[in-house]
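# Observations on the model geometry
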Amino acid sequence: MPIGRGGRIPASLVRLGFGNAEQAAALLAHPALGLWDPEHQEVTDLGAAEILVDLGQTADPGLAVLNLCRLAEAAADRETLLDRLRDDVPLRHQLLSVLGASSALGDHLAANPDDWRLLGESAPRESAPRDPAAALLAAADTVPELRTAYRRELLCIAARDLTGQVGVEQVAAELADLASATLSAGLAAAAGGDAAVDFSLAVIGMGKCGGRELNYVSDVDVVFVAEPIGDADESAALEAAARQATTMMRICAEVAWPVDAALRPEGKNGPLVRTLASHESYYRRWARTWEFQALLKARPVAGDLDLGRRYLEVIAPLVWTAADRDHFVEDVQAMRRRVEDSLPGRIVERELKLGRGGLRDVEFAVQLLQLVHGRSDDTLRSGSTLEALEALAHNGYVGRDDAAGLAEAYRFLRTAEHRLQLQRLRRTHLLPDDEPGLRWLARAMGITPDPRRDVVETFRAELAGYTREVRRLHEKLFYRPLLAAAARIPTEELRLTADAARTRLTALGFADPDGALRHLAALTDGVSRRAAIQRALLPALLGSFADAPDPDGGLLGYRQVSEALQDTPWYLRLLRDDAKVADRLTVLLGSSRYVADLFVRDPEGLQLLAEDERLAPRPADVLRATMRSAIARNEDPVQAIAAIRAARRRELLRIACADLLDLIDVAVAGDALSSVAATTLDAALEVAARAAYPDGSPARLAVISMGRLGGGELGYGSDVDVLFVYEPVDGAEDRAAGGAATAIVESARRMLAGPAPDPPLTVDADLRPEGRSGPLVRSLASYAAYYGRWSSTWEAQALLRASAAAGDLDLGSRFLAVVDPLRYPANGLPAAAVLEIRRLKARVDAERLPRGADPATHTKLGRGGIADVEWTVQLLQLQHGAARAELRTPSTLQALRGLVETGALEPDDAAALEAAWRLASRARNAIMLVRGRAEDQLPRYGTALASVMRVLGYPPDRDPGQFLDDYRRATRRARMVIERVFYA
């Protein structure tokens, strides 16, 4: 194929990474692609230029363009393919990344050219992976169909992996799930559709398949367990099960990978299939140490899953007795040394899996620690290496820095292993021994050169650093696994000398070790049973407090809660017997002054921590029923209000705990807090009305929620903005009804604002007509008259968030009908009104930001913060709400979705606004949770900033500057949208 005048090849192709620029130009100019003009030696259009740039970002640009050309030639509708590549950026990234990283998947696409559309379907950034089970079962009729279906699922996983949409843990888990689906399909194919079987067969995944951390290409280790059905002959049933298992293994080997059953009892010399009783007998009597180590990752993956679960119920407890064996630790250590010694010297430096500082070093260290400490700590009993490592660190068996170093190195090594196997879909753990191979691997891993080194040198340096760190930590942990962890105080050490104990507490991170010693003494002194249980609990709890943002505050809160519950028999028993409650309590007390104060005021709320279901926010109707029940039990208004406030306090504790434990997001928390405020106000009005008018009030009264309460987006420190509207009951005079309504409202506000052991509920009615100068309560007719004659643009804007919150909801609905024409003007918003809103917003920006506040990190009034987003959304609602029902909502988030649906806001713009609003709202809540008082300004440094970061989910070793950068980046993006949309 001619290249162009004089055969010139532009340097741009070389710079993009095409090793053979002449061949690349020829392929790009091929009629199947048409991306390159050979005469002028340039791309044919802008879309082609974007494709070319993305080709240059792949692991092997030359391979990518070759595979793309093959695909285009084979595609039935190549124009659609090329058009999509030009227009669909996620699809382009996924497809080209695969084509440049895997010759095997390139072959698959060339043979199945319509499969590129699978990537188009998954190109939007979905968090949920595809479910492969149904697709593989549908293709189980023939081996070729099943192989093709398997490759399709593998293609989708690889595309998401190579473009960074999923991390190495999720990739490994999805590959394990794909393996499970393949085993199930293979089992179905082996059965041949014959339902007349006299046995149940379960496939137990072992190794990486069982641990849901599988490679792209690996032997899949399994164990088979079978049981005869009914009166079937056991011997005949086992023979039939073995035939089916053998056929399944053959099918899976032809489809994907070998199935290895060598980890079964007696290894390859033992029967392929055993009954559950036979398995149990073998493991109780004959199993060796390494076999229990292998069972760490056992998991039912195919066949009769109920039988598989019964297998685990019988076998798993035996795993956690293995460490009681004589010379257990020495046996595990010797086995690792034998593996190392068996490696040929010529490949030891290239071996990612078995070499020194390789994957096995991490896995053996973690597994030994699990088997030793998991006997009494079931939180360590995970088949996943990284999950187990995280648990070991969390509970103090491994230092946090050590665990983070191991996890980071493990992810790097696993990613390298995945890329090597993905290239040709061959099982390998060996690094390339040539420069081009290493360059391909480094690019496939996304490694970029630094100013001092090229990409290969950078890869080698990173690899060397990780393997050195793995080997160091392996030797530290693997050969000394029984030493006391640095972040845990053994029980006997609570009686150390004062100086030694102070040193240990300082090492654990307590800023005031003397204060911590006083708390420990108060909790453990004496010979009572309570003190004895505390002495048993505190070694574990101190390690957890040390991992919390504020260890000192956590221990103080724990002492206060313990003293409040010292005569309660269930308290220490719950902590001792339920590790989840103890762990959660230390996290909460060590993270949040707000929660600590609530626990001190309501210590029995500790029982909420036992189950996730108890922490789920309760629906409004359940809250309303709870508070009405409290009213019914207390005729005295003072006692009734106290019961209502106690119920509210419990709900606030429930919501805050769920929030801090990451069981709910900011939207759910806001809705729950709003429901609590509304039902509390509703109950207080009922108490006030009953006390003042036992025979019935002459006024119907409704509470209209405004602001964040109206939008269902209340924060922990938010005021409750409301309007009060009344209507005379039949036969009552308006004047008498108005007086009664005002008296009831004032009484309810006074009772809710009185001193009490819970966060105050401040009811703010300043958004009413005429503000503080106007009457507190108005009739519906008075509101209609005022809004018809005197209302201003800002009042229409404020009413966008109005909703019927409490009291007479029918009256509230009629109020909303009155204000709908005002907040959703029929002809949109006049230009003068738009200008007025912009001027008012400018005044707010200039005058309401507190002196000394940083506008970049003020969550409410800062640039791109909560107010910026909400004003922008509200302006668009005023402009378009009358015409589109989707915009007639008091919720900011729902309105954003409606703006996208109606085309009033671009999806990317809405996403930027929502991300900033969510982050700012979460940060504002976090400040309240951490400090126990409402603030809008992010802390600038110190423990407060670190605590806010932890509440927001940042790991403890993360630089606070990164969080601030993340916050500024999100709000800066939102501000750019706001300046374009709001101020345009």
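This text goes with the structure placed above it.
Bear in mind the structure is a predicted one, so any value in this text is a computation, not a measurement. (Residues numbered from 1 in each chain as written. Predicted model: local features only at pLDDT ≥ 70, side-chain atom pairs only at ≥ 80, totals over all residues. Heavy atoms only, no water.)

## Notes on the overall build of the protein chain
- Summing up its helical and strand segments, the protein chain has 44 helices and twelve strands in all.
- Over its C-alpha atoms the protein chain spans a radius of gyration of 33 Å, differing by no more than 12% from the 30 Å that the globule rule assigns to 984 residues.
- Counting all 984 residues of the protein chain, 55% fall into the buried class.
- For the protein chain, contacts bridging at least 24 residues in sequence account for 71% of all contacts bridging at least 6.
- Looking at the protein chain as shown, the accessible area adds up to about 41700 Å², and 49% of this sits on carbon and sulfur atoms.
- One way to put it: in the protein chain the 120 positive side-chain charges average out to a point 4 Å from where the 138 negative ones average out. (Helix = DSSP H or I, 4+ residues; strand = E, 2+ residues; numbered from the N terminus. Rg over C-alpha atoms; globule rule 2.2 N^0.38 Å. Buried < 20%, exposed > 50% of the residue type's maximum accessible area, 1.4 Å probe, protein only. Contact = heavy atoms within 4.5 Å. Areas by Shrake-Rupley, 256 points an atom, 1.4 Å probe, with all protein chains shown as cover. Lys, Arg positive; Asp, Glu negative; His and termini not counted. Charge placed at Lys NZ, Arg CZ, Asp CG, Glu CD.)

## Re empty space enclosed by the protein
- Following the criterion strictly, the structure yields four cavities of 30 Å³ or more and no others.
- Roughly 50 Å³ of internal volume is contained in the largest cavity.
- If you trace the largest cavity, you find it lined by V666, A667, G670, R708, G712, E713, L714, G715, W917, S921 and N925.
- Elements supplying a minimum of two residues to the lining of the largest cavity: α33 (666–692) and α42 (907–931). (1 Å grid on protein atoms, 1.4 Å probe; cavity = no way out; pocket = protein on both sides within 12 Å on 5 of 7 lines; lining within 4 Å. Points joined across faces, edges and corners; volume = space filled by probe spheres on them.)

## Thoughts on the pattern of salt bridges
- Tallying each qualifying case throughout the model produces 53 salt bridges.
- The shortest N-O distance in the salt bridge between D107 and R70 comes to 2.9 Å. Taken together, the positions of D107 in helix α7 (residues 103–111) and R70 in helix α4 (residues 61–74) put the pair 37 residues apart, joining distant regions of the chain.
- When the shortest N-O distance is used, the salt bridge between E770 and R778 registers 2.3 Å. (Salt bridge = Lys/Arg side-chain N within 4 Å of Asp/Glu carboxyl O.)

## A short note on unusual backbone geometry
- In the Ramachandran plot, Q41 falls in the positive-phi region, its phi being about 55° despite a non-glycine side chain.
- Considering the arrangement of structural elements, one finds Q41 in the loop between β1 (36–37) and β2 (42–43).
- Despite not being glycine, E266 has its phi angle at roughly 70°, a positive value.
- Secondary-structure assignment places E266 in the loop between β5 (259–260) and β6 (273–274).

## Comments concerning α42
- Given a rise of 1.5 Å per residue, 25 residues ought to cover 36 Å, and the 36 Å separating the end C-alpha atoms of α42 matches this to within 8%.
- Two residues or fewer past α42, G932 is found with a positive phi of approximately 80°. (Expected span 1.5 Å × (residues − 1).)

## Some points on the environment of L162
- With respect to the helices and strands, the residue L162 is situated in helix α10 (residues 143–162).
- Residues within four places of L162 in sequence aside, it is in contact with S97, V98, A101, R419, L422 and A444.

## Thoughts on the layout of surface pockets
- Of the voids in this model, the second largest pocket is the one considered here, and its volume is about 1100 Å³.
- Forming the walls of the second largest pocket are 30 residues, and the residues nearest its centre are D721, L767, R848, K860 and W871.
- The set of elements that each furnish at least two residues to the lining of the second largest pocket consists of α34 (707–710), α37 (793–799), α39 (831–847) and α40 (866–880).
- Looking at the lining of the second largest pocket residue by residue, the classes come out as twelve nonpolar, six polar and twelve charged. (Nonpolar A, V, L, I, M, F, W, Y, C, P; charged D, E, K, R; others polar.)

## Thoughts on a negative patch on the surface
- The grouping of E50, D77, E79, D83, D87 and D114 at the surface amounts to a negative patch.
- Examining the composition of the negative patch, we find that three residues originate from one element, helix α5 (residues 78–87), more than from any other.
- Along the chain, D87 falls in helix α5.
- In this structure D87 comes out as exposed when scored by relative accessible area, which is 64%. (Patch = residues over 30% accessible without salt bridge, like charges linked within 9 Å, V, L, I, M, F, W, Y side chains within 5 Å.)

## Concerning the environment of M949
- By secondary structure assignment, the location of M949 is in helix α43 (residues 942–951).
- The sequence separation of M949 and S184 amounts to 765 residues, and the corresponding C-alpha distance is 44 Å.
- Dropping the residues within four chain positions of it, M949 is found in contact with Y954, R958, D959, P960 and F963.

## With respect to helix α18 (residues 359–373)
- For α18, spanning 15 residues, the distance from its first C-alpha to its last is 21 Å, which sits close to the expected 21 Å at 1.5 Å a residue.
- Burial within α18 is extensive, with 14 of its 15 residues counted as buried.

## Topic: the side chain of R471
- Structurally, the position occupied by R471 is in helix α22 (residues 455–478).
- With relative accessibility at 10%, the residue R471 sits in the buried group.
- Within polar-contact distance, the side chain of R471 engages the side chain of D361 at 2.8 Å.
- Other than its neighbours up to four places away in sequence, R471 contacts R336, E340, R356, G357 and D361. (Polar contact = N/O pair within 3.5 Å; in protein donor to acceptor, adjacent residues only side chain to side chain.)

## Section: the packing of aromatic side chains
- Tallying each qualifying case throughout the model produces 13 aromatic pairs.
- Their ring planes at 70° and their centres at 6.4 Å tell us that Y787 and F815 sit as a pair that is edge-to-face. Separated by 28 residues along the polypeptide, Y787 in helix α36 (residues 780–789) and F815 in helix α38 (residues 809–823) bring together distant segments of the chain.
- Each ring, one from F982 and one from Y983, has its centre 4.8 Å from the other, and the planes form 80°; the classification is edge-to-face.
- Note on F982: relative accessible area 1%, which makes it buried.
- Since its relative accessible area comes to 28%, Y983 is described here as partly exposed.
- Counting every residue linked through ring pairs, the aromatic cluster contains Y783, Y786, Y787 and F815. (Phe/Tyr/Trp six-rings, centres within 6.5 Å; stacked < 30°, edge-to-face > 60°.)

## Thoughts on the nonpolar core
- Among the nonpolar cores identified, the biggest contains 139 residues, and Y558, Y571, F599, L606, L609 and F724 are the most heavily contacted of them.
- Per-element tally for this core: the top contributor is α42, with 13 residues.
- What F599 contacts, discounting residues up to four positions off in sequence, is V561, L585, L588, L589, G605, L606, L609, L653 and C657.
- In terms of nonpolar packing, the next biggest core, distinct from the first, is built from 129 residues, L33, L85, V222 and V273 among them. (Core = buried A, V, L, I, M, F, W, Y, C linked by side-chain atoms within 4.5 Å.)

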